[in-house]
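Okay, here's what each chain looks like letter by letter:
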Amino acid sequence: MFVDGVRTPFGKSGPNGLYAETRADDLVVRVIRELLRRNPALPPERVDEVAIAATTQTGDQGLTIGRSAAVLAGLPKSVPGYAIDRMCAGAMTAVTTVAGGIAFGAHDVAVAGGVEHMGRHPMGDGVDPNPRFLSERLVDPSALVMGMTAENLHDRYPAITRERADAYAVASQDKAAKAYADEKIQPDLVEMATRSAERGWGLATADEAPRPGTTLEKLGTLKTPFRPHGRVTAGNSSGINDGATGCLVAAAGTAAELGLPARMRLVSYAFAGVDPEVMGIGPIPATERALRLAGLSIGDIGLFEINEAFAVQVLAFLDHYGIADDDPRVNPYGGAIAYGHPLAASGVRLMIQLARRFAERPDIRYGMTTMCVGLGMGGTVIWENLNEEAK
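One structure accompanies this document, and this report is about it. Here the residue index of a chain counts from 1 through its sequence in written order. pLDDT decides what is reported in this predicted model: residues at 70 or higher carry local features, side-chain atom pairs at 80 or more are listed and counted, and totals for whole chains, interfaces and linings draw on all residues regardless. With hydrogens and water excluded, all non-hydrogen atoms of the structure serve as input to the side-chain values.

For the purposes of this entry, the term helix denotes a DSSP run of H or I that reaches at least four residues, the term strand denotes a run of E that reaches at least two, and both are numbered from the N terminus. Within the protein chain, the regular secondary structure consists of 12 helices and 12 strands. For this measure, only C-alpha atoms enter the radius of gyration; the expected value for a globule follows 2.2 Å times N^0.38, where N is the number of residues. Relative to the 2.2 N^0.38 estimate, which gives 21 Å for 391 residues, the radius of gyration of the protein chain is 20 Å and therefore close to what a compact globule would have. Projected onto its principal axes, the C-alpha coordinates of the protein chain cover approximately 55 × 50 × 50 Å. When accessible area is computed with a 1.4 Å probe and restricted to protein chains, residues below 20% of their type maximum are described as buried, those above 50% as exposed, and intermediate ones as partly exposed. Going through the 391 residues of the protein chain one by one, you find that 57% of them count as buried. In what follows, a contact means two residues having at least one pair of non-hydrogen atoms within 4.5 Å. Contacts in the protein chain between residues far apart in sequence, at least 24 positions, make up 79% of those at least 6 positions apart. Just so you know, the count uses Lys and Arg for positive and Asp and Glu for negative, and it drops His and the chain ends. For this purpose, a charge sits on NZ of Lys, CZ of Arg, CG of Asp or CD of Glu. Counting 38 positive and 46 negative side-chain charges, the protein chain places the centres of these two groups 1 Å from one another.

This paragraph deals with helix H3 (residues 90-104). In this model H3 runs 21 Å from its N-terminal to its C-terminal C-alpha over 15 residues, within 8% of the 21 Å that 1.5 Å per residue would give. Burial analysis of H3 places 11 of its 15 residues in the buried class, the great majority of the element. For H3, the set of buried residues is Gly90, Ala91, Met92, Thr93, Ala94, Val95, Thr96, Val98, Ala99, Gly101 and Ile102. Following H3 by one or two positions, Gly105 has its phi on the positive side, about 95 degrees. An expected span of 1.5 Å times one less than the residue number is assigned to each helix.

A fitted line through C-alpha atoms represents every axis, and for helices the fit uses only the stretch in contact; the resulting angles, taken between N-to-C directions, go from 0 to 180 degrees. The contact between H3 and helix H12 (residues 346-360) brings their axes to 5 Å, and the two run at 70 degrees. Comparing their axes, H12 and H3 come out roughly perpendicular. Taken together, the residues of H12 that come into contact with H3 (itself represented by Ala91, Met92 and Val95) are Gly347, Val348 and Met351. Any angle that falls under 35 degrees is termed roughly parallel, while one over 145 is termed roughly antiparallel, one within 65 to 115 roughly perpendicular, and all others oblique.

With that settled, consider the nonpolar core. With 39 residues, the main nonpolar core has Phe304, Phe310, Phe317 and Leu318 as its most contacted residues. Sorting the residues of this core by element identifies helix H5 (146-156), helix H6 (162-181), helix H9 (283-294), strand E10 (301-306), helix H10 (311-320) and strand E11 (366-373) as the ones contributing at least two each. For this core, the element with the most residues is H10, which contributes 7 residues. Sequence-distant contacts of Phe317, that is, excluding residues within four places in its chain, are made with Pro283, Ile284, Thr287, Phe304, Ile306, Met368 and Thr370. Note on terminology: a nonpolar core comprises buried Ala, Val, Leu, Ile, Met, Phe, Trp, Tyr and Cys residues joined through side-chain atoms within 4.5 Å.

Patches draw on residues past 30% relative accessible area with no salt bridge. Two like charges within 9 Å are joined, as are two nonpolar side chains (Val, Leu, Ile, Met, Phe, Trp, Tyr) within 5 Å. The accessible surface values rely on the Shrake-Rupley method and a 1.4 Å probe; as for residues, cover is taken only from the protein chains in view. The term salt bridge refers to a side-chain nitrogen of Lys or Arg lying within 4 Å of a carboxyl oxygen of Asp or Glu. Together, Phe133, Leu134, Leu138, Leu144, Val145, Phe226 and Leu375 line one region of the surface with nonpolar side chains, adding up to about 540 Å² of accessible area. Among the structural elements, Leu138 can be located in the loop between helix H4 (132-135) and H5. Residue class for Leu138 comes out partly exposed when judged on its relative accessible area of 47%.

With respect to burial, E11 is a largely interior element, 8 of its 8 residues being buried. On E11, burial covers both faces: Tyr366, Met368, Thr370 and Cys372 on one face and Gly367, Thr369, Met371 and Val373 on the other are all buried. Bridge analysis of E10 against E11 gives 5 bridges, and the strand direction is parallel. What sits directly across from Glu305, in E11, is Thr369. Think of it this way: DSSP has to see at least two bridges between two strands before they count as a pair. Sheet topology note: the E11/strand E12 (residues 377-385) ladder contains 8 bridges and is antiparallel. Bridging from a neighbouring strand, Gly367 pairs with Trp383 of E12. Taking the residues that link successive antiparallel strands as the turn, the E11-E12 hairpin has 3 residues, and the phi of Leu375 there is positive, at about 65 degrees.

Here we come to the side chain of Glu308. Looking at the element boundaries, Glu308 is found in the loop between E10 and H10. At 5.5 Å, Lys175 is the nearest oppositely charged side chain to Glu308, a buried residue that forms no salt bridge. Looking at Glu308, its side chain comes within polar contact range of the main-chain nitrogen of Ala336, at 3.3 Å. Residues in contact with Glu308, not counting those within four places in the same chain, are Tyr168, Ser172, Ser238, Gln313, Val314, Asn331, Gly334, Gly335, Ala336, Ile337 and Ala338. N or O atoms closer than or at 3.5 Å make up a polar contact, with two conditions inside protein: a donor-capable atom paired with an acceptor-capable one, and, for residues adjacent in sequence, both atoms drawn from side chains.

A few words on the environment of Ala143. Here Ala143 lies in the loop between H4 and H5. Separated by 46 residues in the primary sequence, Ala143 and Leu189 have C-alpha atoms spaced 34 Å apart.

Applying the stated rule across the entire model yields 25 salt bridges. The closest approach of N and O atoms between Asp4 and Arg38, which form a salt bridge, is 2.8 Å. On the criterion of sequence distance, the pair formed by Asp4 in strand E1 (residues 2-7) and Arg38 in helix H1 (residues 24-38) is long-range, its members being 34 residues apart. Note on Asp4: relative accessible area 6%, which makes it buried. Across the pair Asp60 and Arg120 runs a salt bridge whose closest N-O atoms are separated by 3.4 Å. With Asp60 in the loop between strand E3 (49-53) and helix H2 (65-72) and Arg120 in the loop between strand E5 (109-117) and H4, the pair connects residues that are 60 residues apart, well separated along the chain. Residues joined by salt bridges that share partners form a network here, namely Asp4, Arg38, Asp188, Arg263 and Arg356.

Moving on, we come to H6. Counted at 1.5 Å a residue, the expected span for H6 with its 20 residues is 28 Å, and the 29 Å between its end C-alpha atoms agrees. Contacts from the buried residues of H6 go to H5, helix H7 (216-219), H10 and helix H11 (336-339). Following H6 by one or two positions, Glu183 adopts a phi angle in the positive range, close to 55 degrees.

For His121, the position within the fold is in the loop between E5 and H4. When its relative accessible area of 7% is taken as the criterion, His121 is described as buried. Within the local environment of His121, its side chain forms a polar contact with the side chain of Asp60, the two groups lying 2.5 Å apart. Sequence-distant contacts of His121, defined by excluding residues within four places in its chain, comprise Thr56, Thr58, Gly59, Asp60 and Gln61.

None of this, on its own, says anything about what the molecule does.
Structural data, given as C-alpha cells:
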C-alpha cells in the first residue's frame, strides 16, 4: 500500500539555484522526517527498511544513502537502508523493490524515495563508459546523450513535429500553474531550509522551475542544442534539477493495525528494455507487460502520470495507445516539463500526484505511473484507488 508521499520543492541546478549550497543527503533527511511527522501513528522503530535512489552515487549522494540518511534523520540505528540506481526510474524502483519485499513477507513498512542534486553531480559525472559500447557498435553514440535519443524519437515518429511537442509543453506549464493556483501541489511539499554564503539562509516553499505564461511563440524561438534544425529544445524538455522525494509503503494488515491511511494499492509493475538510441519508447513495452500482469487493458486506466523527460516521448506513448494529446486523464497537474526532473527522485513525484488526484476522483479505480529510463528502459506501475467509492 502507498501510505503517504512528500517531496522537497524542486530547484534549478546551478550556482544560482535553490539548493546550490545545500547537501543532497540533507534533502533526503528532510523528506524522511516529514513522512514521520505527518504519520505519528507510525513508531519509527516499525520502519523495516529505507531504500533511497540516486543516479550519481558519489559525494553527498554516496555512502549508501538509504542507510546514511536514515541515521541522519534520527531513525533508530536498528533500521537498515540501502541505495538504488536505475537512472530516471530510481525512486520508482525503490518503491517496487520494497513492495516486493513486503509481498514476500520480509518486512512490513518501508521508506522509499530518491534524490538528485544535478548541480553538484551532473548526469554522467565521473562515469567511464566502456569503450566496447562504441568500438563494437553495441549502441550508437547518440544513445549516451539523452537529448539525442529524443531527436531520434522524432525521426522515428515524423507525425510528432516540433510544433506539436511545443504545444504539449505549453499545456504542461499551464496545467502546473493551475495546479499551484488551486493548491493541489503544496500539500505534499515539505519546506526546505537553504543556505547561501552570499545571501544567507532562505526557505524553499515552491518549485523553482515552472514557467507560467509560456507561449508557443516564445518556445518557437528556442535553439535546438542537440541537432541543427532539430526539434528538441529546453522548452519541450524537462530541466536540470535538484530535489528529493519519499514515501511510506506498508503491508495492508500493518497499515490497518497502526491506523495508517492506505491511499493506493500496487497492482502490478514492470520494467522493459528497448534500443538505447530511442530510450523514450521504453514506457510502451513496460506498460504492455504491467497491464498483462494485472489482467487489465489500457481502457481500464483512468489516470496517467507520465514523466515528461521530453515531450516527444510522452506523445509517442499517447499515439501508441490512441490517446489524445490533451486527454484530461494524462498529467492533470502538469509534469516534469514544468516541475523539473531530478532524475532518481521523479518516480515518487508521479505517485504523489496520482494519489492526490485519486482522492479527488474516487470514481476512478485504476491509475498508472510510467517513465522512460536512460540506456534504453521503461518502467510502469499500475495502482488501484483505495478511496471508498473506488473500492
